[in-house]
Amino acid sequence: MSSPTPDALLGPADVRELAAALGVRPTKQRGQNFVIDANTVRRIVRTADVRPDDVVVEVGPGLGSLTLALLEVADRVTAVEIDDVLAAALPATIAARMPARADRFALVHSDAMHVAELPGPAPTALVANLPYNVAVPVLLHMLDMFPTIERTLVMVQAEVADRLAAGPGSKVYGVPSVKANWYAEVKRAGAIGRNVFWPAPNVDSGLVSLVRRTEPIKTTATKAEVFAVVDAAFAQRRKTLRAALAGWAGSAAAAEAALVAAGVSPQARGEALTVEEFAAIAENRADPDPVDTAQHAQHAQHTEESRPS
């Protein structure tokens, strides 16, 4: 394997020059902030523990800053890019700056939320600077669609990083925390300053590491059933679970019965529960009366919509 040239990575001038040549202005709509610091992308690759035999999938490669750093180390890199101009330009950037590794690169021009398969060998790692506005859904979709992804490192808004890595009892523990934990052991893996981006965002960024569970959560409930409990519990997070899960269970009494059977206090709130406890509640749901369920769901939705945001 020939080693890439030392100046293969993009610096601030390279990024601006490339963007100007393409007529690209980073858009807020797509949450685009391009990384302009080679040390930062190398640090991300190190923190992600990318290995020479890894097949890495990257979401939102932009102009290719992180892509090039990944190609220095990984066996293969597949980048998923939604933007027409950026997707068209990236293969040429790779070929120009890292010609010896160009055959190890593949581009998928698509919305990551719609990607159900990738070319080449199955991915073993996901490394991405995720657009802030879609970070959580994209992350969960990729973990769900590609069970071969063992290690993930994503750069997201600091607040989102805190939510993803939060444990039960934390004020920021919620739906993203529980759902990410369904797939992986999640932890904060560092902070990223604003000055390594162009344009500099007005929020801080954080790295989140997710290591796929070697054994899935032991439960007879499906992922969809467990996630339905999680969504219901946090839709009205100030309420006790007996009240919050009434619509999901068919009635407050049915919710209480499921909670007691799962060994969870009906007076507890969602933010106190582990993913395993949510799974136990899902397992213990009795088949509700469909008419009751529809009425309760309608009432819960109305309550949620009428609450001031």
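Structure: see above.
Residues numbered from 1 in each chain as written. Predicted model: local features only at pLDDT ≥ 70, side-chain atom pairs only at ≥ 80, totals over all residues. Heavy atoms only, no water.

Caption draft 1: Seen up close, the packing of helix 2 (residues 38–47) against helix 3 (residues 65–73). The N-to-C vectors of helix 2 and helix 3 enclose an angle of 50°; their axes lie 9 Å apart at closest approach. Comparing the axis directions of helix 2 and helix 3 gives the class oblique. In this structure, helix 2 meets helix 3 at a crossing whose hand is right-handed. Contacts from Val-41, Arg-42, Ile-44 and Val-45 of helix 2 reach helix 3 at Ser-65, Leu-66, Ala-69, Leu-70, Glu-72 and Val-73. (Axes fitted to C-alpha atoms, helices over the stretch in contact; angles between N-to-C directions. Helix = DSSP H or I, 4+ residues; strand = E, 2+ residues; numbered from the N terminus. Parallel < 35°, antiparallel > 145°, perpendicular 65-115°, else oblique. Left-handed = near helix turned anticlockwise from the far one by under 90°. Contact = heavy atoms within 4.5 Å.)

Caption draft 2: Spotlight on the nonpolar core. Within the largest apolar cluster, 60 residues are counted, with the highest numbers of intra-cluster contacts made by Leu-130, Leu-210, Val-226, Leu-245, Phe-278 and Ile-281. Contacts of Leu-210, omitting those with residues within four sequence positions, involve Leu-139, Leu-143, Glu-150, Arg-151, Thr-152, Val-154, Ala-180, Ala-184, Glu-185 and Val-186. If you look at the next biggest cluster of nonpolar residues, it comprises 39 residues, including Ala-8, Leu-70, Ile-192 and Phe-197. (Core = buried A, V, L, I, M, F, W, Y, C linked by side-chain atoms within 4.5 Å. Buried < 20%, exposed > 50% of the residue type's maximum accessible area, 1.4 Å probe, protein only.)

Caption draft 3: Region of the structure containing the pattern of salt bridges. Under the defined criterion, the tally for this structure stands at 15 salt bridges. As a salt-bridge pair, Arg-151 and Asp-54 come within 2.7 Å of each other at their nearest N and O atoms. With a gap of 97 residues between them, Arg-151 in strand 6 (residues 151–157) and Asp-54 in the loop between helix 2 and strand 2 (55–59) connect regions that are remote in the sequence. Each member of the pair, Arg-151 as well as Asp-54, carries the same accessibility label: buried. (Salt bridge = Lys/Arg side-chain N within 4 Å of Asp/Glu carboxyl O.)

Caption draft 4: Highlighting helix 5 (residues 135–145). Across the 11 residues of helix 5, 8 count as buried, placing the element largely inside the fold. Every buried residue of helix 5 is accounted for by Ala-135, Val-136, Val-138, Leu-139, Leu-140, His-141, Met-142 and Leu-143. At its buried positions, helix 5 is contacted by strand 2, strand 5 (125–129), strand 6, helix 6 (158–165), helix 7 (175–183) and strand 9 (205–212).

Caption draft 5: Just the side chain of Thr-78, in detail. With respect to the helices and strands, the residue Thr-78 is situated in strand 3 (residues 76–81). Given a relative accessible area of 7%, Thr-78 falls into the buried group. Ignoring sequence-local partners within four residues, the contact set of Thr-78 consists of Val-56, Val-57, Glu-58, Ala-106, Val-108, Leu-118 and Pro-119.

Caption draft 6: Highlighting the packing of helix 3 against helix 4 (residues 84–97). Two elements in contact, helix 3 and helix 4, have axes separated by 11 Å at closest approach and are oriented at 50°. What the angle tells us is that helix 3 and helix 4 run oblique. Our pair here, helix 3 against helix 4, has a crossing hand that is right-handed. Across from Thr-67, Leu-68 and Leu-71 in helix 3, the residues of helix 4 making contact are Leu-90, Ile-94 and Arg-97.

Caption draft 7: Spatial organisation of the environment of Pro-199. For Pro-199, the location among the structural elements is in the loop between strand 8 (197–198) and strand 9. For Pro-199, a relative accessible area of 32% puts it in the partly exposed group. For the pair formed by Pro-199 and Phe-34, sequence separation is 165 residues and the distance between their alpha carbons is 7.0 Å.

Caption draft 8: Layout of the sheet that holds strand 3. Taken in spatial order, the 7 strands line up as 4-3-2-5-6-9-7 in an open sheet, and their pairing is mixed. Two strands in the sheet have a free side with no partner beyond their single neighbour: strand 4 (105–109) and strand 7 (184–192). For this sheet, the mean inter-axis angle between neighbouring strands, taken without regard to orientation, is 20°. Note that strand 5 and strand 6 share 5 bridges and pair parallel. If you follow Leu-126 over to strand 6, its bridge partner there is Thr-152. Relative to the sheet, helix 7 contacts strand 7 and strand 9, its axis offset from that of strand 7 by approximately 120°. (Pairing = 2+ DSSP bridges.)

These values are about where atoms sit, not about what they do.
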